[in-house]
Structures are given as C-alpha cells and as structure tokens.
Amino acid sequence: MPPPEAEIQAVAVFAALTDPTRRALLEELARAGPATVTDLARRLPISRQAVAKHLGLLAEAGLISAAEPTGRRHPYRLEPAPIRAAQVWLATLAHRWDDRLSALEDALDKEES
C-alpha cells in the first residue's frame, strides 16, 4: 500500500487535472517548453489573469514551478514528479484490484469444483 503522502499527492494532481484550461496549460508547457503568464495568455483564448490563477493552482499541486527568472520574464515549467507519483499510486491501486479479482476468480473456481 502506498504511503498516505502518495495518495495526497495523487489527489492534488487529479484535482488540478479536472479543469480543461489547466490541462491545456500543461499541454502547452509540454509542447513548447517554459513560458511566462503573458506567453501563455497569447497562445490560449483566456485572459492573463485567468492564466495566472490556473498556474497558481497547478503550482500548488506541484505540477509546475517557476523557472529561474531572466530579467523581467518569470517562466513556468513542468514538474514531472507529481504525475509520476500519481501513476505509481494508480498502478498500486490497480494491482490491488487485480489481486482481489484473482482471489475472487480462484474462490469461484473452487466452488465450481
């Protein structure tokens, strides 16, 4: 069973990914690399303020971080670790279900015999 922190991280990732705008921002950062709030607002059909709000929520979930500023530019970049942690949590959960389904199948086979 994964540690409670893994589940907390997974829940934060899943909550952040529920919004299509946040998913679009992540896709844009994955496609084009680090970008500022202004860069992202130019590329997507949402305001600069909305981009900033969504980036804040993505940062809270650990999915992005602020890269080293260059002058007045403050780019954001993807952080893959939280996605990997959520994948591990899901894989563990799936494995537990597989084990339970196998045990059920074995029990049903024994009843039939």
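Each remark here, short or long, concerns the structure printed above.
Here we summarise the structure given alongside this text. (Residues numbered from 1 in each chain as written. Predicted model: local features only at pLDDT ≥ 70, side-chain atom pairs only at ≥ 80, totals over all residues. Heavy atoms only, no water.)

### Some details on the overall build of the chain
So, step 1. Along the chain, the regular secondary structure elements total five helices and two strands.
So, step 2. Put simply, the chain runs from its N terminus to its C terminus through helices and strands in the order α-α-α-α-β-β-α.
So, step 3. Burial analysis of the chain (113 residues in total) assigns 28% to the buried set.
So, step 4. The long-range share in the chain, meaning contacts at least 24 apart out of those at least 6 apart in sequence, stands at 51%.
So, step 5. Accessible surface for the chain amounts to roughly 7,600 Å². Of this, 57% is attributable to carbon and sulfur atoms. (Helix = DSSP H or I, 4+ residues; strand = E, 2+ residues; numbered from the N terminus. Buried < 20%, exposed > 50% of the residue type's maximum accessible area, 1.4 Å probe, protein only. Contact = heavy atoms within 4.5 Å. Areas by Shrake-Rupley, 256 points an atom, 1.4 Å probe, with all protein chains shown as cover.)

### Points about the side chain of Thr-36
So, step 1. Following the sequence through the fold, Thr-36 ends up in the loop between helix H2 (20-32) and helix H3 (37-43).
So, step 2. From its side chain, Thr-36 meets the backbone nitrogen of Asp-39 in a polar contact 3.0 Å long.
So, step 3. Residues within four places of Thr-36 in sequence aside, it is in contact with Arg-73, His-74 and Pro-75. (Polar contact = N/O pair within 3.5 Å; in protein donor to acceptor, adjacent residues only side chain to side chain.)

### Describing the packing of H2 against helix H4 (residues 48-60)
So, step 1. The geometry of H2 relative to H4 is characterised by a closest axis approach of 10 Å and an angle of 80 degrees between their N-to-C directions. Between H2 and H4, the angle is such that the two are roughly perpendicular. In contact with Thr-21, Arg-22, Leu-25 and Leu-26 of H2, H4 contributes Val-51, His-54, Leu-55, Leu-57 and Leu-58.
So, step 2. Residues belonging to the contact of H2 with H4 are distributed by class as follows: six nonpolar, two polar and one charged. (Axes fitted to C-alpha atoms, helices over the stretch in contact; angles between N-to-C directions. Parallel < 35°, antiparallel > 145°, perpendicular 65-115°, else oblique. Nonpolar A, V, L, I, M, F, W, Y, C, P; charged D, E, K, R; others polar.)

### Let's talk about the nonpolar core
So, step 1. Ranked by internal contacts, the top residues of the largest apolar core, which has 20 residues, are Leu-25, Leu-40, Val-51, Leu-55, Leu-58, Leu-63 and Ile-64.
So, step 2. Only helix H1 (4-17), H2, H3, H4 and helix H5 (81-112) provide two or more residues apiece to this core.
So, step 3. Element by element, the count of residues in this core is highest for H1, at four residues. (Core = buried A, V, L, I, M, F, W, Y, C linked by side-chain atoms within 4.5 Å.)

### Some words on H4
So, step 1. Helix length check: H4, at 13 residues, gives a terminal C-alpha distance of 18 Å against a target of 18 Å (1.5 Å per residue), a fit within 8%.
So, step 2. The secondary structure elements touched by the buried residues of H4 are H1, H2, H3, strand E1 (64-66) and strand E2 (76-78).
So, step 3. Among the residues trailing H4, Gly-62 stands out with phi positive, at a value near 85 degrees. (Expected span 1.5 Å × (residues − 1).)

Function-wise, these values are silent; they only describe arrangement.
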